[in-house]
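# An overview of the molecular structure
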There are 2 protein chains.
Amino acid sequence: MVSKITILRAVVAGLTYLLALLTKVVGSQKGGPHQQKSAEEESEKEANERFGLSWRVAVEANNVCPWRTVPPRCYQHLQNYMCSGQYERDLNLVVENILIYASQIPLSSDGMDAWILDVDDTCISNVSYYKNKRFGCDPFDSTIFKAWIMKGTCPANPAVKLLFNSLKERGFKLFLLTGRDQATLSTITSNNLHSQGFAGYQRLILRSAEYKGQSAVKYKSAIRKEIEREGYRIWGNVGDQWSDLQGECLGKRTFKLPNPMYFIS
Amino acid sequence: MVSKITILRAVVAGLTYLLALLTKVVGSQKGGPHQQKSAEEESEKEANERFGLSWRVAVEANNVCPWRTVPPRCYQHLQNYMCSGQYERDLNLVVENILIYASQIPLSSDGMDAWILDVDDTCISNVSYYKNKRFGCDPFDSTIFKAWIMKGTCPANPAVKLLFNSLKERGFKLFLLTGRDQATLSTITSNNLHSQGFAGYQRLILRSAEYKGQSAVKYKSAIRKEIEREGYRIWGNVGDQWSDLQGECLGKRTFKLPNPMYFIS
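Let me sum up the structure you'll find in this document. Predicted, not measured: the structure shown is a model, and the values here were computed from it.

It is worth spelling out the packing of helix H4 (residues 86-103) of chain A against helix H7 (residues 158-170) of chain A at this point. Residues and elements named next belong to chain A. Put simply, H4 and H7 touch, their axes get as near as 9 Å, and they point 10 degrees apart. With respect to H7, the axis of H4 lies roughly parallel. Counted together, Leu91, Asn92, Val95, Ile98, Leu99, Ala102 and Ser103 of H4 and Ala159, Val160, Leu162, Leu163, Ser166, Leu167 and Arg170 of H7 form the full contact between these two elements. Here the contact of H4 with H7 is built from residues that sort into 10 nonpolar, three polar and one charged.

Residues and elements named next belong to chain B. By the criterion of burial, strand E2 (residues 173-181) is predominantly enclosed, with seven of the nine residues buried. In terms of strand pairing, strand E1 (residues 113-117) meets E2 through four bridges, oriented parallel. Bridging from a neighbouring strand, Ile116 pairs with Phe175 of E2. For the crossover from E2 across helix H8 (residues 182-195) to strand E3 (residues 203-207), the handedness is right-handed.

Take unusual backbone geometry next. Residue and element names in this part refer to chain A. If you check the backbone angles, Asn62 has positive phi at about 60 degrees while not being a glycine. Residue classification places Asn62 among the buried positions, given a relative accessible area of 13%. Its identity is not glycine, yet Arg134 carries a phi of approximately 45 degrees, on the positive side. Inspection of the secondary structure puts Arg134 in the loop between helix H5 (127-131) and helix H6 (142-150).

Time to look at the sheet that holds strand E4 (residues 233-239) of chain B. Two strands in a sheet stick together by hydrogen bonds in their backbones, pointing the same way (parallel) or opposite ways (antiparallel). Residues and elements named next belong to chain B. Strand order across the open sheet formed by five strands is E3-E2-E1-E4-E5, with parallel pairing between neighbours. Each edge of the open sheet is held by one strand with a lone partner, namely E3 and strand E5 (253-256). Here the strands of the sheet are splayed against their neighbours by 20 degrees on average, with no regard to which way each runs. Those strands touched by H8 are E2 and E3, and its axis lies near 135 degrees from that of E2.

Below, the discussion takes up the packing of aromatic side chains. A full pass over the atoms with the stated rule returns 35 aromatic pairs over all chains. Arranged with centres 6.0 Å apart and planes meeting at 80 degrees, the rings of Tyr81 of chain B and Tyr87 of chain B form a pair that is edge-to-face. Using a relative accessible area of 3% as the deciding quantity, one classes Tyr81 of chain B as buried. Between Phe140 of chain B and Phe145 of chain B the ring centres are 5.1 Å apart and the planes differ by 55 degrees, which places this aromatic pair in the tilted class. One cation-aromatic arrangement involves Arg73 of chain A over Phe51 of chain A; the distance from NZ or CZ to the ring centre is 4.3 Å. The ring of Tyr75 of chain B carries Arg134 of chain B above its face, with NZ or CZ at 4.4 Å from the centroid.

Here the focus is the environment of Leu107 of chain B. Residue and element names in this part refer to chain B. Looking at the secondary structure, you find Leu107 in the loop between helix H4 (86-103) and E1. Judged by relative accessible area, which is 26%, Leu107 ranks as partly exposed. When the C-alpha positions of Leu107 and Phe172 are compared, they lie 8.0 Å apart, and in sequence the two are 65 residues distant. Excluding residues that lie within four positions of it along the chain, Leu107 makes contacts with Asp113, Arg170, Gly171 and Phe172.

Moving on, we come to the pattern of salt bridges. Residue and element names in this part refer to chain A. Taken as a whole, this structure holds 24 salt bridges over all chains when the rule is applied. Salt-bridge contacts for Arg203 lead to Glu230; the nearest nitrogen and oxygen are separated by 2.8 Å. Here the residue Arg203 occupies a position in strand E3 (residues 203-207), and Glu230 occupies one in the loop between helix H9 (216-229) and strand E4 (233-239), the gap between them amounting to 27 residues. Residue classification places Arg203 among the partly exposed residues on the basis of a relative accessible area of 29%. Through salt bridges with shared partners, a single network forms among Asp110, Asp113 and Arg233.

Let us look at the environment of Asn237 of chain B. All names here are of chain B. Note that Asn237 resides in strand E4. Spatially, the C-alpha atoms of Asn237 and Leu250 are 6.8 Å apart, while their sequence positions differ by 13 residues. The contacts of Asn237, once residues within four sequence positions are left out, are Trp115, Ile116, Arg224, Asp244, Leu245, Leu250, Arg253, Thr254 and Phe255. Within the structure, Asn237 has its side chain in polar contact with the backbone oxygen of Asp244 (distance 3.1 Å). Separated by 3.0 Å, the side chain of Asn237 and the backbone oxygen of Leu250 make a polar contact.

Definitions and limits used
Counting starts from 1 at the beginning of each chain's written sequence and moves along it residue by residue. Just so you know, chain letters begin at A and ligand numbers begin at 1, following the order they were written in. For this predicted model, a pLDDT threshold of at least 70 governs which residues receive local features, and a threshold of 80 or more governs which side-chain atom pairs are given and counted, while totals over whole chains, interfaces and linings are taken from all residues. Hydrogens and waters are ignored; side-chain quantities use all the structure's heavy atoms. The convention used is that axes are lines fitted to C-alpha atoms, helices contributing only their stretch in contact, and that angles between N-to-C directions extend from 0 to 180 degrees. Counting from the N terminus, the helices are the DSSP runs of H or I reaching at least four residues and the strands are the DSSP runs of E reaching at least two. Roughly parallel means an angle under 35 degrees; roughly antiparallel means over 145; roughly perpendicular covers 65 to 115; every other angle is labelled oblique. Should any heavy atoms of two residues lie within 4.5 Å, those residues are counted as being in contact. Ten residues, namely Ala, Val, Leu, Ile, Met, Phe, Trp, Tyr, Cys and Pro, are considered nonpolar, four, namely Asp, Glu, Lys and Arg, are considered charged, and the remaining ones, Gly among them, are considered polar. Accessible area is worked out with a 1.4 Å probe on protein chains only. A residue is then buried under 20% of its type maximum, exposed over 50%, and partly exposed in between. Should DSSP find at least two bridges between two strands, the strands are regarded as paired. Whether a crossover is right-handed comes down to one check: with the strands pointing away from the viewer, does the path from the first strand over the helix to the second run clockwise; if it does, it is right-handed. Think of it this way: a Phe, Tyr or Trp ring, Trp meaning its six-membered ring, pairs with another when their centres are within 6.5 Å, and the plane angle makes it stacked under 30 degrees, edge-to-face over 60, tilted otherwise. Sitting over a ring, as applied to charges here, requires NZ of Lys or CZ of Arg to be within 6 Å of the ring centre and within 35 degrees of the ring normal. Here, a salt bridge means any Lys or Arg side-chain nitrogen found within 4 Å of an Asp or Glu carboxyl oxygen. Pairs of N or O atoms are called polar contacts if they sit within 3.5 Å, as long as, within protein, a hydrogen donor faces a hydrogen acceptor (for residues adjacent in sequence, only side-chain-to-side-chain pairs).

Geometric descriptors of this kind do not, in isolation, establish any biological role.
This is the structure:
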């Protein structure tokens, strides 16, 4: 026969266990004093998140003075941004707006309605390289970057591929304009673009010797001027850098694709 | 003497209560099946949050085609953005960058170094009005807006007031350029600015009869052209609308302050 004391002991042990469990669950929910350090970490993490968000918006609106690396405290925010799907969502929304604008353009039958698209982080993506550079928090390494480019495996940005094909079908002549070096990167770039489904464009223009050392704004302005001189009407100009969208002969409308990882002047 | 059965009943009742409490706490934490509807609501809320964020970034980068009202699903995001401190954080970061740029400008002693600042939602804030218009999700109401303006109580944007004073102290001539109607709003605007601490500027320019009906881009370009014709060098141009920062005689550098609530073409 079980004694009353044994029963009471079992009851007390059971109640104690359940109370401990309850305390633990409530504690993890509300944050007890034993979690003070992690609360501080949490608060720093949240402050960095808020700063990262401000910084990214300022970059996209071209409000940040020329910068070489992303502020280290933005790392977590950028990692989340680039890898959680929000970067793709942002790209999709911009492309949606470009297509609305493009659908309202009255095309001529002379075949001279043109569109400019940048290549890196516009048509094809270097996010794989930048992932290893902490999304731009670590300095740019031209040797490693060139090795990445020479693999010829930059994947398409799906939203921009859709844009490319829609504009082509609509009848625009597409000019792909890149700061990549013509002498060394012409073949690999052309092959990479084709393997990723970018075909049927009017011209792929890389930086030839005469533009070496020039800023992107100056070089790209000169090329756009030449395209207009040939008689083309530039209706749109799309790039991930503000230097794609500044200077002369910009086109009737420019669109800035998101890129918080690097800055080209 | 208490019987074993009575003790056991009490124990079972106690354990049942504690288990129910534990289930409730864990359920509210992880979301049990009884909370399916609220999980769906949560998921829709999160999707709207992500969309609102994409939309706001696209607006700030000038990627959104001309719009009359904010998409309704952005309401919660904009309310959080405007009221949680993130809007002010964004303003502060832009102003920090403007001050870095301004500090590097070599001022001349001829007193002709100029700066352009917009008024509404740049120097002084209309967030009080837009709060009642669901931060731009509800259509603009010119009667109510005019009544708000006529009170002359638009508060200063603290970050821009700091910018204003820093630029003035540095020796820039400040031109406040607004689309507000000169005939009806000149006195109230000037008084509102003064009461909020904006004093010592070079000129406050409102829209006179000859510019009535013109787009902001055209009107503001004409005024800036006139300022340059007088011999001023426009180093910077700050506004919350892209139409403040487009057109001619833009100044050497433009800065876009955040404003996801309305669009002026």
